[in-house]
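Structural overview for review
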Amino acid sequence: MKIKVSNILLSLIMTLTIISLAVVLTLACKPLYYLDIHALHIPETTGCTISEIKANYNAIIDYCLSFGNAPLEFPTFPMSEGGRIHFEEVKNIFNLFKYMVIGGTLASTAGILWMRRKHCYGYLKLTAILTVALPAIIGAAVALNWDRTFVTFHEIAFNNDYWLFDPATDPVINILPDLYFLHCAVMILALMILGSILCAWAYRAEKRKNNKWSGVLCIDHSNKPIRNEIPKKYN
């Protein structure tokens, strides 16, 4: 039972780490937005130049990726007090994900090393299952009704309505179409699935390696052949 609890605990830590890493990597992936500038015709719909759009978008991303307390300032856009509060809340959420990546990576590394000493790899299988099950559930919700999913997420993540921007006072919303956030969601889900695949591959690799060596004859100090039995603890 102790090993099963250890597997579950480590798999939960690794799953949260993979999710957090997927979120942070997507946030930092500016080329995704640069592609959407053209794909979603943002200059045509906003009347802004590409350089102006990139400058204001980069200001948001750099602000959210930073651990510092410098206030957000747009190069060319005004910002309301409600908009400022919303971006501060968004930054706090991303800070949580960044801390989870750091803490989760350290905890996962320690857990993996400890489990390797016990030749126990069931946590990899559990992590693979969890990190593919969550994208399946979220992906189904997105596919069924993206608009409802988008609104529900904001209602859960924020306890106010500052995320409902008025383009007259917060024109930055014009360069952030809903489809861009949909593309971000797809990228996050894809990265989570990639993490699941890597965990499944690592589990199978360790299983094959242990199966290979569990029956190999070796020589002890008395020069007598003995069978090398490596404990196989996959669950």
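Refer to the preceding data block for the structure.
Residues numbered from 1 in each chain as written. Predicted model: local features only at pLDDT ≥ 70, side-chain atom pairs only at ≥ 80, totals over all residues. Heavy atoms only, no water.

As a further point, take the overall build of the chain. Across its full length, the chain carries eight helices and two strands. Within the span of the chain, comprising 235 residues, buried residues form 38% of the whole. The contacts in the chain between residues at least 6 apart in sequence include a share of 74% that link residues at least 24 apart. Carbon and sulfur atoms make up 67% of the accessible area of the chain, which amounts to about 13600 Å² in all. (Helix = DSSP H or I, 4+ residues; strand = E, 2+ residues; numbered from the N terminus. Buried < 20%, exposed > 50% of the residue type's maximum accessible area, 1.4 Å probe, protein only. Contact = heavy atoms within 4.5 Å. Areas by Shrake-Rupley, 256 points an atom, 1.4 Å probe, with all protein chains shown as cover.)

For the rest of this paragraph, the subject is a nonpolar patch on the surface. A cluster of nonpolar side chains, Ile 8, Leu 12, Leu 126, Ile 129 and Leu 130, forms an exposed patch at the surface whose accessible area comes to about 390 Å². Elements that contribute at least two residues to the nonpolar patch include exactly α1 (2–28) and α6 (122–144). Broken down by element, the residue count for the nonpolar patch peaks at three residues, all from α6. (Patch = residues over 30% accessible without salt bridge, like charges linked within 9 Å, V, L, I, M, F, W, Y side chains within 5 Å. Salt bridge = Lys/Arg side-chain N within 4 Å of Asp/Glu carboxyl O.)

This next bit is on the packing of aromatic side chains. Taken as a whole, this structure holds 11 aromatic pairs when the rule is applied. Relative to Tyr 180, the ring of Tyr 33 lies with its centre 5.1 Å away and its plane at 85°, an arrangement referred to as edge-to-face. Of this pair, Tyr 33 sits in helix α2 (residues 30–39) while Tyr 180 sits in helix α8 (residues 178–213); the two residues are 147 residues apart in sequence, bridging distant segments of the chain. A residue is classified by how much of its surface remains accessible, and Tyr 33, at 0% relative accessible area, is buried. The aromatic ring of Tyr 63 is capped on one face by Lys 91, whose charged end is 4.9 Å from the ring centroid. (Phe/Tyr/Trp six-rings, centres within 6.5 Å; stacked < 30°, edge-to-face > 60°. Lys NZ or Arg CZ within 6 Å of the ring centre and 35° of its normal.)

Our focus in this paragraph is the side chain of Ser 108. The topology assignment puts Ser 108 in helix α5 (residues 81–117). Classification of Ser 108 as buried rests on a relative accessible area of 8%. Setting aside residues up to four positions removed in sequence, Ser 108 forms contacts with Leu 10, Ile 13, Met 14 and Thr 17.

A word on α2. Buried residues of α2: Lys 30, Leu 32, Tyr 33, Asp 36 and Ile 37, and no others. An end-on view of α2 places all buried positions within 150° of arc, on one side of the element. Exposed positions of α2 whose direction lies more than 90 degrees from the buried face are Leu 35 and Ala 39. Within two residues after α2, His 41 carries a phi angle of roughly 55°, on the positive side. (Arc of directions from axis to C-beta.)

So, about the pattern of salt bridges. In the structure shown here, the tally under the stated rule is five salt bridges. With a shortest N-O distance of 3.0 Å, Asp 62 and Lys 30 are connected by a salt bridge. A residue pair is termed long-range when its members are at least 10 positions apart, and Asp 62 in helix α4 (residues 50–65) and Lys 30 in helix α2 qualify at 32 residues. Accessibility expressed as a relative area gives 42% for Asp 62, which makes it partly exposed. Each of the salt bridges in this network shares a partner with another, and the network as a whole consists of Glu 81, Arg 84 and Glu 88.

What follows is about α4. Here α4 is 16 residues long and its end C-alpha atoms lie 22 Å apart, about the 22 Å a rise of 1.5 Å per residue gives. Regarding α4, the residues found buried are Ile 53, Asn 56, Tyr 57, Asn 58, Ala 59, Ile 60, Ile 61, Tyr 63 and Cys 64. (Expected span 1.5 Å × (residues − 1).)

Helix packing geometry: the angle between the two helix axes and the distance between the axes. Relative orientation of the contacting elements α4 and α5 amounts to 50°, with a least axis distance of 8 Å. On the basis of the axis angle, α4 is oblique to α5. On α5, the residues that touch Ile 60, Tyr 63, Cys 64 and Leu 65 of α4 are Phe 87, Glu 88, Val 90, Lys 91, Phe 94, Asn 95 and Lys 98. (Axes fitted to C-alpha atoms, helices over the stretch in contact; angles between N-to-C directions. Parallel < 35°, antiparallel > 145°, perpendicular 65-115°, else oblique.)

Here we take up a positive patch on the surface. Together, Lys 125, Arg 204, Lys 207 and Arg 208 make up a positively charged patch on the protein surface. Here Arg 204 is to be found in helix α8. (Lys, Arg positive; Asp, Glu negative; His and termini not counted. Charge placed at Lys NZ, Arg CZ, Asp CG, Glu CD.)

Looking now at the side chain of Thr 127. Structurally, Thr 127 can be placed in helix α6. Look at Thr 127 and you get buried, because its relative accessible area is 0%.

The next thing to look at is the state of the cysteines. In total, this model carries zero disulfides according to the counting rule given. With no disulfide of its own, Cys 29 lies 8.4 Å from the sulfur of Cys 184, the closest cysteine sulfur. (Disulfide = S-S within 2.5 Å.)

Within the secondary structure, Leu 164 sits in the loop between α7 (146–157) and α8. By relative accessible area, which is 54% here, Leu 164 ends up exposed.

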